[in-house]
Amino acid sequence: MDRYENEKSQTIIKKTVKSGVSFGSALAMVISYNAWHSIGWAIVHGLLSWAYVIYYIIIY
């Protein structure tokens, strides 16, 4: 694998991880607002991202 292909693979991985984190934050905020009807809690849970989504799935 040459250097160009390695850099290209790393760029793809970084974009994928960033998309997953963004989606996790948005999902956590929607779930939180739906459950608690509070923008403050939605922001806090958005910062927790996937941790809150997994917690919500396990608990509820």
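Some details on the packing of helix 1 (residues 3–36) against helix 3 (residues 50–59)
In step 1: Direction vectors running N to C along helix 1 and helix 3 enclose 50 degrees, while the axes themselves pass 8 Å from each other. As the angle between them shows, helix 1 and helix 3 are arranged oblique. Crossing handedness for the pair helix 1 and helix 3: left-handed. Residues Gly20, Val21, Phe23, Gly24, Leu27, Ala28, Ile31, Ser32, Ala35 and Trp36 of helix 1 pack against Trp50, Tyr52, Val53 and Tyr56 of helix 3.
In step 2: Residue classes in the contact of helix 1 with helix 3 are distributed as 11 nonpolar, three polar and no charged.

Notes on the packing of helix 1 against helix 2 (residues 39–48)
In step 1: Across the interface, helix 1 lies against helix 2 with an axial gap of 8 Å and an inter-helix angle of 150 degrees. Between helix 1 and helix 2, the angle is such that the two are roughly antiparallel. Judged by the twist between their axes, the crossing of helix 1 over helix 2 is right-handed. Residue-level inspection shows Ser25, Ala28, Met29, Ser32, Tyr33 and Trp36 of helix 1 in contact with helix 2, the latter providing Ile39, Trp41, Ala42, Ile43, His45 and Gly46.
In step 2: Across the contact of helix 1 with helix 2, the residue classes tally to eight nonpolar, four polar and no charged.

Observations regarding the packing of aromatic side chains
Any aromatic ring pair is given by two values, namely how distant the centres are and how the planes are angled relative to each other.
In step 1: Going through the model one piece at a time under the given rule, you end up with four aromatic pairs.
In step 2: Taking 6.0 Å as the distance between ring centres and 45 degrees as the angle between the ring planes, the aromatic pair formed by phenylalanine 23 and tryptophan 50 counts as tilted. Taken together, the residues span a long stretch of sequence, with phenylalanine 23 in helix 1 and tryptophan 50 in helix 3 at a distance of 27 residues.
In step 3: Using a relative accessible area of 35% as the deciding quantity, one classes tryptophan 50 as partly exposed.
In step 4: Residues tyrosine 52 and tyrosine 56 carry aromatic rings whose centres are separated by 6.2 Å and whose planes lie at 40 degrees to one another, so their mutual orientation is tilted. In this pair, tyrosine 52 and tyrosine 56 are both assigned in helix 3, four residues apart and thus about one turn of the helix distant.
In step 5: The class for tyrosine 52 is buried, based on a relative accessible area of 5%.
In step 6: The rings of Tyr52, Tyr55, Tyr56 and Tyr60 are connected pair by pair, giving a single aromatic cluster.

The rules behind each value
- Residues numbered from 1 in each chain as written.
- Predicted model: local features only at pLDDT ≥ 70, side-chain atom pairs only at ≥ 80, totals over all residues.
- Heavy atoms only, no water.
- Axes fitted to C-alpha atoms, helices over the stretch in contact; angles between N-to-C directions.
- Helix = DSSP H or I, 4+ residues; strand = E, 2+ residues; numbered from the N terminus.
- Parallel < 35°, antiparallel > 145°, perpendicular 65-115°, else oblique.
- Left-handed = near helix turned anticlockwise from the far one by under 90°.
- Contact = heavy atoms within 4.5 Å.
- Nonpolar A, V, L, I, M, F, W, Y, C, P; charged D, E, K, R; others polar.
- Phe/Tyr/Trp six-rings, centres within 6.5 Å; stacked < 30°, edge-to-face > 60°.
- Buried < 20%, exposed > 50% of the residue type's maximum accessible area, 1.4 Å probe, protein only.

Nothing here speaks to function; it is all geometry.
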